[in-house]
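Listed below, chain by chain, are the residues.
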Amino acid sequence: MKKLRIAAIVFLVIALIGAARYFGGVSPVNAGIFLFPGIIAAVLFVLSRKKEA
């Protein structure tokens, strides 16, 4: 349970950094840099909630 939550937080941080790079114009990157880690983080959060219940 805790491992899923920690992995979800890590992917969420990666997604936030990617979104900052994409929308901030720091460097030319594609949208996948924050979309895919964000989707993975959402799935892991849902799985960790299901395992708690």
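Computed from a predicted structure; not experimentally measured.

The geometry of helix H1 (residues 2-24) relative to helix H2 (residues 32-52) is characterised by a closest axis approach of 8 Å and an angle of 155° between their N-to-C directions. Put simply, H1 runs roughly antiparallel to H2. The interaxial crossing formed by H1 with H2 has left-handed handedness. A per-class count over the contact of H1 with H2 returns 19 nonpolar, three polar and four charged.

Taking 1.5 Å of rise per residue, 23 residues should cover 33 Å, and H1 covers 32 Å from first to last C-alpha, within 8% of that figure. Restricting attention to buried positions, one finds in H1 the residues Ala8, Ala15, Gly18 and Ala19. Where the residues of H1 are buried, they touch H2. Where H1 ends, the next residue or the one after it, Gly25, has phi of about 75°, a positive value.

Looking now at the environment of Ile14. Mapped onto the fold, Ile14 is located in helix H1. Ile14 gets classed as partly exposed once you look at its relative accessible area, which sits at 39%. Between the alpha carbons of Ile14 and Ile33 there is a distance of 8.3 Å; along the sequence they are 19 residues apart. When sequence neighbours within four positions are dropped, the list of residues in contact with Ile14 reads Ile33 and Pro37.

The next subject is the environment of Val13. As for its position among the elements, Val13 is in helix H1. Look at Val13 and you get partly exposed, because its relative accessible area is 41%. The sequence separation of Val13 and Lys3 amounts to ten residues, and the corresponding C-alpha distance is 15 Å.

Once that is clear, we can look at the side chain of Ser48. Looking at the secondary structure, you find Ser48 in helix H2. In terms of polar contacts, Ser48 uses its side chain to reach the backbone carbonyl oxygen of Phe45, at 2.8 Å.

Reading guide: rules and limits
- Residues numbered from 1 in each chain as written.
- Predicted model: local features only at pLDDT ≥ 70, side-chain atom pairs only at ≥ 80, totals over all residues.
- Heavy atoms only, no water.
- Axes fitted to C-alpha atoms, helices over the stretch in contact; angles between N-to-C directions.
- Helix = DSSP H or I, 4+ residues; strand = E, 2+ residues; numbered from the N terminus.
- Parallel < 35°, antiparallel > 145°, perpendicular 65-115°, else oblique.
- Left-handed = near helix turned anticlockwise from the far one by under 90°.
- Nonpolar A, V, L, I, M, F, W, Y, C, P; charged D, E, K, R; others polar.
- Expected span 1.5 Å × (residues − 1).
- Buried < 20%, exposed > 50% of the residue type's maximum accessible area, 1.4 Å probe, protein only.
- Contact = heavy atoms within 4.5 Å.
- Polar contact = N/O pair within 3.5 Å; in protein donor to acceptor, adjacent residues only side chain to side chain.

Everything listed here is a matter of coordinates, which is why it stays silent on function.
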